Amino acid sequence: MLNMSKSVANLSISSTYQSHGNKVNYAKSRNRFIFFRQPRRTSLLLSNVSLSCRSSVGVSVSASLAETAHKVTLDQNAKICKFCKMGDLRNAMELLTMSKRSELELNTYCSVLQLCAELKSLEDGRRVHSIITNNGMVIDQVLGAKLVFMYVNCGDLVNGRRIFDQILNEKVFLWNLLMSEYAKIGNFRESVCLFQKMQIFGITGDSFTFTCVLKCFAALGKERVCKGVHGYIVKLGFGSYNAVVNSLIAAYFKFGEVESAHNLFDELSDRDVVSWNSMISGCVMNGFPRNGIEFFIQMLILGAGVDSATLVNVLVACANIGNLSLGRALHAYGVKACFSGEGMFNNTLLDMYSKCGNLNGATEVFVKMGETTIVSWTSIIAAYVREGLYDEAIGLFDEMQSKGLSPDIYTVTSIIHACACSNSLDKGRDVHNYIIKNNMGSSLPVSNALMNIYRCKDL
């Protein structure tokens, strides 16, 4: 049995070995035992199973690789967006720059552009725009809106407008953004043109749209158009919106329509601090400073909030009627309310003391000012001129110039008067030359001041 087992083992090995030649169907042993090969059909079947297994493995590997690549892409976008949420623009930009085109999603570009806009980083915003262009991304309305917002918020209105014109987005927010920016730089006509385009394209504005366009029409002196827009506003149902009504009040005051402004204010049920400020400033601007002070008193009685703009408007009223006691009270209130660090408040306060004949008060405010502007210097110079201290005023004028500040029309008007009254002929010639060099001679106040100095001495 043992020998037979060995023979069988040997024959099995021999048979297996010979079967690889594919020339015979069986093998013989020395002991005459015949071992037939497995049929070819079985081999093909096994071969198919093997291929099937390999194919399944290949598909599984491909699917696994695709899934891994997808996870990497998601991780890359998630990391960039996380950096954006943290406000880490440097790392977000670094990762964005290193990423492949296929790895970046639309939301990722938008997140980085949003952060660039918030941090006002125009340089990084331009880099993102360049990456978008190089990656062949289509600038659709979503991506285009983000690019417009980034450029405008970073101060590049030209590029913002260029992209806006390409996408013609229907979002009212973008139209308002551009209109507001044009109004800020004093280009009221372009702001109005955008409003007119909105009408052509059938885009209905919101309360912010009308608030902005009313200011623009008022600045351009378009009274009839303003009244037409007023009717349109009422028709659209914005007639009860505070911001819109406040702009209407300011516009009517601008045109001298004091009664119309009063009527609008009376009809306004929910008045805010801007509503009261509009009434106070409007009354003062139209020559009714006492009425402005009365509105201020009503405001205090009703417990309405007071801001720095309120105090500035009332201080102007005090300066116009010489109410020094109320001006001092407002000064104390402003210091207590921490408004003393604001330039507008300080300049108006200085002017109030000056016009009320309190030179010491004006000088004290000027000395305590952290940062002085041409308005501050002009006010203090005018204060000294009013008090007849002409040489001191000229000294202040020289000190102002030594600090690198250029005189404006109001400064030179005051200093020419000081030169005329103090017989400072040399200084008068210097100021006259400055006026000629800077084309200020066409200004009526400057011309009148020069005529006075010529009457005093033939320069």
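Residues numbered from 1 in each chain as written. Predicted model: local features only at pLDDT ≥ 70, side-chain atom pairs only at ≥ 80, totals over all residues. Heavy atoms only, no water.

Asker: Tell me about the overall build of the protein, residues and numbers included.
Answerer: Counting secondary structure elements, the protein contains 24 helices and two strands. Burial analysis of the protein (459 residues in total) assigns 41% to the buried set. In the protein, the share of contacts with a sequence separation of at least 24, taken over all contacts with a separation of at least 6, comes to 58%. Of the roughly 25900 Å² of accessible surface on the protein, a fraction of 55% belongs to carbon and sulfur atoms. (Helix = DSSP H or I, 4+ residues; strand = E, 2+ residues; numbered from the N terminus. Buried < 20%, exposed > 50% of the residue type's maximum accessible area, 1.4 Å probe, protein only. Contact = heavy atoms within 4.5 Å. Areas by Shrake-Rupley, 256 points an atom, 1.4 Å probe, with all protein chains shown as cover.)

Asker: Which residues make up the packing of aromatic side chains, and what values do they have?
Answerer: Applying the stated rule across the entire model yields 13 aromatic pairs. Ring plane angle 85 degrees and centroid distance 6.5 Å describe the contact between phenylalanine 195 and phenylalanine 217, whose orientation is recorded as edge-to-face. One end of the pair, phenylalanine 195, is in helix α9 (residues 188–200); the other, phenylalanine 217, is in helix α10 (residues 207–219), with 22 residues separating them in the sequence. Take phenylalanine 217: its relative accessible area is 5%, and that puts it in the buried class. Between phenylalanine 238 and tyrosine 241 the ring centres are 5.1 Å apart and the planes differ by 75 degrees, which places this aromatic pair in the edge-to-face class. Accessibility expressed as a relative area gives 13% for phenylalanine 238, which makes it buried. Looking at tyrosine 241, the relative accessible area reads 40%, which means it is partly exposed. Members of the aromatic cluster, each reached through a chain of ring pairs, are Phe195, Phe210, Phe217, Tyr232, Phe238 and Tyr241. Residue placement shows arginine 271 over the ring face of phenylalanine 265; its charged tip is 4.2 Å from the ring centre. (Phe/Tyr/Trp six-rings, centres within 6.5 Å; stacked < 30°, edge-to-face > 60°. Lys NZ or Arg CZ within 6 Å of the ring centre and 35° of its normal.)

Asker: Could you give me a rundown of the pattern of salt bridges, with the residues and numbers involved?
Answerer: Note that side chains of opposite charge can pair when their charged atoms are close. As enumerated under the stated definition, the model contains 12 salt bridges in all. One salt-bridge network, held together by shared partners, links Arg161, Asp165 and Glu190. (Salt bridge = Lys/Arg side-chain N within 4 Å of Asp/Glu carboxyl O.)

Asker: Tell me what's going on with helix α7 (residues 157–167), and back it up with residues and numbers.
Answerer: Listing the buried residues of α7 in full gives Leu157, Asn159, Gly160, Arg161, Ile163, Phe164 and Ile167. Buried residues along α7 sit in contact with α5 (122–134), α6 (141–153), α8 (172–184) and α9. Of the residues trailing α7, leucine 168 is marked for its positive phi of about 45 degrees.

Asker: Can you lay out the side chain of serine 308 for me, pointing to particular residues and giving the numbers?
Answerer: For serine 308, the location among the structural elements is in helix α16 (residues 308–321). There is a polar contact of 3.0 Å between the side chain of serine 308 and the side chain of glutamate 342. Sequence-distant contacts of serine 308, defined by excluding residues within four places in its chain, comprise Phe339 and Glu342. (Polar contact = N/O pair within 3.5 Å; in protein donor to acceptor, adjacent residues only side chain to side chain.)

Asker: Got a sec to walk through a nonpolar patch on the surface? Specific residues and values, please.
Answerer: Residues Leu168, Ile200 and Phe201 make up a contiguous nonpolar surface patch of roughly 320 Å² in combined accessible area. One can find isoleucine 200 in helix α9. Given a relative accessible area of 67%, isoleucine 200 falls into the exposed group. (Patch = residues over 30% accessible without salt bridge, like charges linked within 9 Å, V, L, I, M, F, W, Y side chains within 5 Å.)

Asker: Go over the environment of lysine 146, please, and point to the residues and values.
Answerer: When you line up the elements, lysine 146 lands in helix α6. Since its relative accessible area comes to 25%, lysine 146 is described here as partly exposed. Sequence separation of lysine 146 and serine 111 is 35 residues, and the distance between their C-alpha atoms is 8.9 Å. In this structure, lysine 146 is in contact with Cys110, Leu113 and Gln114, ignoring residues within four places of it in sequence.

Asker: Could you give an account of the confidence of the model for the protein, with specific residues and numbers?
Answerer: Averaged over the protein, the pLDDT score is 85; the fraction of residues at 70 or greater is 83%. Across residues 1–72, where pLDDT falls below 50, the model places 25 contacts with residues more than four positions away in sequence or in other chains. (pLDDT = per-residue confidence, 0-100.)

Asker: Outline helix α14 (residues 273–285), supporting the account with residue identities and numerical values.
Answerer: Here α14 contains 13 residues, and its C-alpha end-to-end distance of 18 Å stays within 8% of the 18 Å for a straight helix at 1.5 Å per residue. Of all the positions in α14, only Ser275, Trp276, Asn277, Ser278, Met279, Ile280, Gly282, Cys283 and Val284 are classed as buried. Packing partners of the buried residues in α14 comprise α12 (242–254), α13 (258–267), α15 (289–301) and α16. Downstream of α14 by a residue or two, glycine 287 has a phi angle that is positive, lying close to 85 degrees. (Expected span 1.5 Å × (residues − 1).)

Asker: Report on the packing of helix α19 (residues 359–368) against helix α20 (residues 374–386), specifying residues and quantitative values.
Answerer: Packing of α19 against α20 brings their axes to within 10 Å, and their N-to-C directions diverge by 155 degrees. The pairing of α19 with α20 is recorded here as roughly antiparallel in orientation. Here α19 runs over α20; the crossing is left-handed. Counting all contacts with α19, which are made through Leu359, Ala362, Thr363 and Phe366, the residues of α20 involved are Ser376, Trp377, Ile380, Ala383 and Tyr384. The residue makeup of the contact of α19 with α20, split by class, is seven nonpolar, two polar and no charged. (Axes fitted to C-alpha atoms, helices over the stretch in contact; angles between N-to-C directions. Parallel < 35°, antiparallel > 145°, perpendicular 65-115°, else oblique. Left-handed = near helix turned anticlockwise from the far one by under 90°. Nonpolar A, V, L, I, M, F, W, Y, C, P; charged D, E, K, R; others polar.)

Asker: Which residues make up the side chain of serine 379, and what are the values?
Answerer: Here serine 379 lies in helix α20. Apart from residues lying up to four places away in sequence, serine 379 is in contact with Asn347, Leu350, Asp351 and Ser354.

Asker: Give me unusual backbone geometry: which residues, what numbers.
Answerer: Notably, lysine 120 is not glycine yet its phi reads approximately 55 degrees, a positive angle. Even without being a glycine, asparagine 439 presents a positive backbone phi close to 55 degrees. Mapped onto the elements, asparagine 439 comes out in the loop between α23 (425–437) and α24 (444–456). In this structure asparagine 439 comes out as exposed when scored by relative accessible area, which is 64%.

Asker: Can you break down the layout of surface pockets residue by residue, with the values?
Answerer: One number sums up the size of the largest pocket: a volume of about 260 Å³. In this structure, the largest pocket is lined by 14 residues; those nearest its centre are Asp351, Thr378, Ser379, Ala382 and Arg386. A per-element tally of the lining of the largest pocket places α20 first, with six residues. (1 Å grid on protein atoms, 1.4 Å probe; cavity = no way out; pocket = protein on both sides within 12 Å on 5 of 7 lines; lining within 4 Å. Points joined across faces, edges and corners; volume = space filled by probe spheres on them.)

Asker: So what about the environment of leucine 104? Which residues, and what values?
Answerer: Mapping leucine 104 onto the fold places it in the loop between α3 (89–98) and α4 (106–118). Classification of leucine 104 as buried rests on a relative accessible area of 8%. The spacing of leucine 104 and asparagine 77 is 27 residues in sequence and 6.2 Å in space, taken between C-alpha atoms.

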